[in-house]
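Structure at a glance
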Amino acid sequence: MAALPLTDEIVNILLVGTDSRPYLEKNYRTDTLIIVSINKAEGIVSLVSIPRDLFVYVPTWGMARINIAYDAGERLSYPGGGPALLEQTILYNLGVPIHYHAAINFAGFRRIVDTLGGIEVAVTCPLTEYKLKSPELDETQAENYELFTQPVGVTRMNGDIALWYARARPVGGDYFRSYRQRQVLRAIYRAGLDAGVLPQIPGLYADFQDVVATNMGLWDLMQFAPLAGEMKEAQIRSFAIGPNQTTAWLTPKGDDVLLPRPEPLAALLREAFQPPNMNQLARPLTRVEVGNASGRPDWGRLAAETLRNDGFVPVFGADSAEVRAVTTLLDFTTSAKGSPVKALQSLLHLADKDVVPQPDASSANQFRVILGQDYNPCPRLDWIGGGP
């Protein structure tokens, strides 16, 4: 794919989560690939998830899943090692230059979350998967696992639970997992701000050098501290290379992979990485006021999480003392052209009868959703086995 024309104000940092463990096999894969694109001029951050099963050309290696590129670079003694080959793979196949990288393994991830005192995650879809009973147990022994369920709701997670939540791969596969990984990353960011870590960055940088492999020096990191302190939730956008940009395929060797679909993929990447003045395809921000009439205190936060992860800007309205049975969407827009109402209906599982047009050109928000007892916070029902 042709390289994206980016300004000097855009810095792309590749976050890599590996499954390397000292007592398991020497070779390892990259479980998590998220590009954090920081637009310093606009004060916008884009999180872009790359599915581990994306089938790409790995330079000097050949066609393979993208999650083997890091390990291939180490084994081939590629100049710059695994990070360099992974960066070249992303540049060749996606046209996205990587300026910095940071890689972390399981133990390092747990330690970061626990250092922050845990993280608070708005769990929008129930999740059931096997989990190691305790982090120090041998992962190769089946008897060390137990079936664990994380119900819907705002949940406080320690490093062990957060790692399980980010890695579990039940129904929904890579797409559901990348969604949860972006949730966890945002939760870590919020926890860091709440804990006042910005003044502690020099000390934390030294403390975590043994678990984070990065080419970012301390002063490379410090340039982003002022922006981090001022950033609001609406300035962090989430994107994922998902079902609309890929096609499932079985390789001649019998491997289930995802083939890139060039045109939809190019459109997504332009929207994620190019600044608004260069990108004619960028969606305008859509503000959705959230009113909670479900009788469940956490449901407003869950709806906000669902909306935020799909590019909408949630605004908290007043909760209702009167419980409603049915979720309703009020549409304040005055034109149907380019309206995201269908996308909101799909995301919130609303029928046409649940949308009430109330044109109001003076409204600060384009929509208002009033949550009822029937509200399902999971954005994709197939993630929980409920069908498309």
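Everything that follows concerns the structure shown earlier in this document.
Described below are features of the structure shown in this document. Not measured: the values here are computed from a predicted model. (Residues numbered from 1 in each chain as written. Predicted model: local features only at pLDDT ≥ 70, side-chain atom pairs only at ≥ 80, totals over all residues. Heavy atoms only, no water.)

**Quick look at the sheet that holds strand β11 (residues 212-214)**
The line we're drawing: Here the rule is simple: two strands pair whenever DSSP picks up at least two bridges between them. We count a stretch as a helix when DSSP gives it H or I for four or more residues in a row; a strand needs E for two or more, and each element gets its number in order from the N terminus. For helices, the axis comes from a line fit to the C-alpha atoms of the stretch in contact; other axes are also lines fit to C-alpha atoms, and the angle between any two N-to-C directions lies between 0 and 180 degrees. We call two residues in contact when some of their heavy atoms are within 4.5 Å.
Within the open sheet, the six strands sit side by side as β11-β6-β1-β2-β3-β12. Their pairing is mixed. Of all the strands in the sheet, just β11 and β12 (236-240) have a single pairing partner and so form its edges. Across the sheet, the axes of successive neighbouring strands diverge by a mean angle of 20°, strand direction being ignored. Two elements, strand β6 (residues 100-104) and β11, share three bridges in a ladder whose sense is antiparallel. Residue pairing across strands places A102 opposite T214, the latter belonging to β11. Each of β1 (10-18), β2 (30-39) and β6 is contacted by helix α2 (residues 81-94), which is oriented at about 120° to β1, the strand it contacts most.

**Brief notes about the state of the cysteines**
Definition in use: Pairs of cysteine sulfur atoms within 2.5 Å are what we label disulfides. When a residue's accessible area, from a 1.4 Å probe over protein chains only, is under 20% of the maximum for its type it is buried; when over 50% it is exposed; and in between it is partly exposed.
Enumeration over the complete set of coordinates arrives at one disulfide. Residue C125 pairs covalently with C378 via a disulfide, S to S 2.0 Å. Measuring the twist about the S-S bond at about 90°, one finds the C125-C378 disulfide to be right-handed. You can see C125 sitting in the loop between β7 (119-123) and β8 (127-132) and its partner C378 sitting in the segment after β19 (367-371), a full 253 residues away along the chain. Just as C125 is buried, C378 falls in that class too.

**Let's talk about the pattern of salt bridges**
Quick note on the threshold: When a carboxyl oxygen of Asp or Glu lies within 4 Å of a side-chain nitrogen of Lys or Arg, that pair is called a salt bridge.
Applying the stated criterion to the full structure yields ten salt bridges. Here D352 ties to K342 by a salt bridge, and the two come within 3.0 Å at their closest N and O atoms. Here D352, found in the loop between α11 (341-348) and β18 (355-357), pairs with K342, found in helix α11; they are ten residues apart in sequence, far enough to count as distant. Residue D352 is classed as exposed on the basis of its relative accessible area, which comes to 52%. For D354, the salt bridge goes to K353, with nearest N and O atoms at 3.3 Å. For K353, a relative accessible area of 69% gives the class exposed. What emerges from the salt-bridge pattern is a single network uniting R110, K131 and D160.

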